[in-house]
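Chain by chain, the residues:
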Amino acid sequence: MNAPVSSPLPRGLYVLCDDTLRPDVPLARKAELLLAGGARVMQLRMKRTPLREALAVAREVVAACRRAGAVCLINDRVDLALLTGAHGVHVGEEDLPPEAARRLLGPQGVVGVTVRDVAGARAARDAGADYVGLGPLFGTTTKQVNAPVLGLEGFAAVVRDSPLPVVGIGGVTLENIARVAAAGAHGGAVASDALLAADVAERVRLLAVAFDRGVQGTSLADGGV
Ligand SMILES: Cc1ncc(COP(=O)(O)OP(=O)(O)O)c(N)n1
Ligand SMILES: Cc1nc(C(=O)O)sc1CCOP(=O)(O)O
Ligand SMILES: [Mg+2]
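Looking at an unreviewed UniProt entry, the protein carries the name Thiamine-phosphate synthase, with the source organism given as Melittangium boletus DSM 14713. Database annotation for the protein, UniProt heading Pathway (unreviewed entry): "Cofactor biosynthesis; thiamine diphosphate biosynthesis; thiamine phosphate from 4-amino-2-methyl-5-diphosphomethylpyrimidine and 4-methyl-5-(2-phosphoethyl)-thiazole: step 1/1." Among the UniProt annotations of the protein, the heading Function (unreviewed entry) holds the following wording: "Condenses 4-methyl-5-(beta-hydroxyethyl)thiazole monophosphate (THZ-P) and 2-methyl-4-amino-5-hydroxymethyl pyrimidine pyrophosphate (HMP-PP) to form thiamine monophosphate (TMP)."

Rendered as structure tokens:
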């Protein structure tokens, strides 16, 4: 097991402000609701928003996050992060490599990288990443992921040997997020369970509390149950 690592990312709930879910609701409104629920870390994930509109939306969302004291990360696009003063980015294998993101953002920018195993986490560390997004933890319909579901045991095994803080993603819900935290996650990334809720802000509040309760519980990563 690696020694605990410090992180520019607060530990806890990590929400995705996503344009593929509830496309009828503007992203700025989604961000407002997520922040009203107390979100401390938000990733703006724009998969279907035209680029010029994405720049305008990102400016709004980054400003809202900064007013609320929340960390705002842009999915995929380092250019949008630089142009909007976002705290950083989250990149995967179809995006700019993490070394390039780090070079563009400088030492202060937060760089998150998608990984599927411990080798990926080590490579992300060597590339200058701050944290890794590890999934899919459970089944998800938000995105088609071409990787096996890890489950809690598989997730905890990677967390144990990861040199970077691990944010779990994929099917994380109110029902399981405490167990994700207890498995040693630095963050629990949630999209649909928050954005499809009837009361988004209230759901975010409950998710954050449940994660924090899980942190107090037994950690699989520490060899517990
Ligand atoms: C926290 C977190 N982890 C993983 C991902 C997935 O990123 P990526 O593999 O680049 O896929 P897209 O989100 O771009 O479809 C993520 N977004 N966030
Ligand atoms: C964007 C994303 N990436 C994943 C991965 O495993 O790389 S799973 C995922 C979807 C997360 O949405 P939900 O919380 O609705 O399951
Ligand atoms: Mg990506």
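From this point on, the discussion continues.
(A) Representation of a nonpolar patch on the surface. Taken together, the side chains of Leu82, Leu96 and Leu104 define a hydrophobic patch exposed on the protein surface, amounting to about 270 Å² of accessible area. Checked against the element boundaries, Leu96 lands in the loop between strand S4 (88-91) and helix H4 (98-105).

(B) Region of the structure containing the UniProt feature "binding site: 4-amino-2-methyl-5-(diphosphooxymethyl)pyrimidine" (unreviewed entry) in the protein. Under the feature "binding site: 4-amino-2-methyl-5-(diphosphooxymethyl)pyrimidine" (unreviewed entry), the UniProt entry names Gln43, Leu44, Arg45, Met46, Lys47, Asn75, Thr114 and Lys143. The residue Gln43 is located in strand S2 (residues 41-45) in this model. When sequence neighbours within four positions are dropped, the list of residues in contact with Gln43 reads Tyr14, Val15, Leu16, Cys17, Leu73, Asn75 and His90. For Gln43, the side chain forms a polar contact with the side chain of Tyr14, separated by 2.8 Å. Residue placement: Arg45 occurs in strand S2. Not counting residues within four places of it along the chain, the set of residues in contact with Arg45 comprises Leu16, Cys17, Asp18, Asp19, Thr20, Asn75, Thr142 and Lys143.

(C) A look at the coordination of the magnesium ion (ligand 3). The protein atoms that coordinate the magnesium ion (ligand 3) are Asp76 (OD) and Asp95 (OD), at distances spanning 2.1 to 2.3 Å. Placement of the pair is Asp76 in the loop between strand S3 (71-75) and helix H3 (78-84) and Asp95 in the loop between S4 and H4, with a sequence separation of 19 residues.

(D) Quick peek at the site of ligand 1. Around ligand 1, a shell composed of 14 residues is seen, among which Arg45, Lys47, Asp76, Thr114 and Lys143 lie nearest. Lys47 places a polar side-chain atom, nitrogen or oxygen, 2.7 Å from an oxygen atom of ligand 1. Here an oxygen atom of ligand 1 and a side-chain polar atom of Asn75 are 3.2 Å apart. Of the residues belonging to the shell around ligand 1, the class tally is 3 nonpolar, 6 polar and 5 charged.

(E) Representation of the environment of Ala191 in the model. Inspection of the secondary structure assignment puts Ala191 in the loop between strand S8 (187-190) and helix H8 (192-195). Along the chain, Ala191 and Asp18 lie 173 residues apart, while their C-alpha atoms are 6.9 Å from each other. The contact partners of Ala191, leaving out residues within four places of it in the chain, are Leu16, Leu21 and Thr142.

(F) Region of the structure containing the site of ligand 2. As a matter of local geometry, ligand 2 sits amid 15 residues, with Thr140, Thr142, Gly171, Ala191 and Ser192 nearest to it. Within the side chain of Thr142, an N or O atom sits 2.4 Å from an oxygen atom of ligand 2. Within the backbone of Gly171, a nitrogen or oxygen atom sits 2.8 Å from an oxygen atom of ligand 2. Its free accessible area being 430 Å², ligand 2 has 96% of it covered by the protein chains. Looking at the shell around ligand 2 residue by residue, the class counts come to 5 nonpolar, 7 polar and 3 charged.

(G) Summary view of the nonpolar core. Residues Leu9, Tyr14, Leu34, Met42, Leu44 and Phe155 are the most contacted members of the largest nonpolar core, which totals 74 residues. When residues of this core are assigned to their parent elements, the largest contribution, 8 residues, is made by helix H2 (residues 51-68). Apart from residues lying up to four places away in sequence, Leu9 is in contact with Tyr14, Val41, Val71, Leu73, Val110, Tyr131, Val167 and His186.

(H) How the structure looks around the sheet that holds S8. The parallel closed barrel is built from 8 strands, whose spatial order is S1-S2-S3-S4-S5-S6-S7-S8. Ignoring strand direction, the axes of neighbouring strands in this sheet form an average angle of 25°. Relative to S3, S2 runs parallel, the two being bridged by 4 bridges. Along S3, the bridge assignment pairs Val41 with Val71. In the packing of helix H1 (residues 27-36) onto the sheet, the strands contacted are strand S1 (12-18) and S2, and the crossing angle to S1 comes to about 165°.

Criteria and cut-off values
The numbering scheme is per chain: residues are counted from 1 as the chain's sequence reads. Both sets of labels track the order of writing: A upward for chains, 1 upward for ligands. Reporting in this predicted model follows two pLDDT cut-offs: at least 70 for local features of residues, and 80 or more for side-chain atom pairs to be given and counted; totals over whole chains, interfaces and linings ignore these cut-offs and use all residues. Side-chain descriptors were evaluated using all non-hydrogen atoms of the structure, hydrogens and water having been removed beforehand. UniProt positions are given in the numbering used here, feature names are shortened, and annotations may be inferred rather than shown by experiment. For patches, a residue must show more than 30% relative accessible area and have no salt bridge; joins then use 9 Å for like charges and 5 Å for nonpolar side chains, namely Val, Leu, Ile, Met, Phe, Trp and Tyr. Accessible surface is estimated by sampling points in the Shrake-Rupley manner with a 1.4 Å probe; for residues, cover comes only from the protein chains shown. Each salt bridge in this description consists of a side-chain nitrogen of Lys or Arg and a carboxyl oxygen of Asp or Glu lying within 4 Å of one another. The numbering of helices and of strands both runs from the N terminus, where a helix is a DSSP run of H or I of at least 4 residues and a strand a run of E of at least 2. In this analysis, two residues are considered to be in contact whenever any of their non-hydrogen atoms come within 4.5 Å of each other. Identification of polar contacts relies on pairs of N or O atoms within 3.5 Å, with a donor-acceptor requirement for protein atoms, meaning one able to donate a hydrogen and the other able to accept it, and with residues adjacent in sequence counted only if both atoms are side-chain atoms. Here a donor is an N, O or S atom found within 2.8 Å of the metal, or within 3.2 Å if the metal is Na, K or Ca; sites may look incomplete because water is not among the atoms. Distances are taken per atom, and a residue is near a molecule or strand as soon as one of its heavy atoms is within 4 Å of it. Three classes are used: nonpolar for Ala, Val, Leu, Ile, Met, Phe, Trp, Tyr, Cys and Pro, charged for Asp, Glu, Lys and Arg, and polar for all others, with Gly counted as polar. Here the nonpolar core consists of buried residues drawn from Ala, Val, Leu, Ile, Met, Phe, Trp, Tyr and Cys, with membership extended through side-chain atoms lying within 4.5 Å. Buried means the residue's accessible area, taken with a 1.4 Å probe over protein chains only, is under 20% of the maximum for its type, while exposed means over 50%, and partly exposed covers the values in between. In this analysis, strands are considered paired if DSSP registers two or more bridges between them. Every axis corresponds to a line fitted to the C-alpha atoms, with the helix fit spanning only the stretch in contact, and the corresponding angles, defined between N-to-C directions, vary from 0 to 180 degrees.

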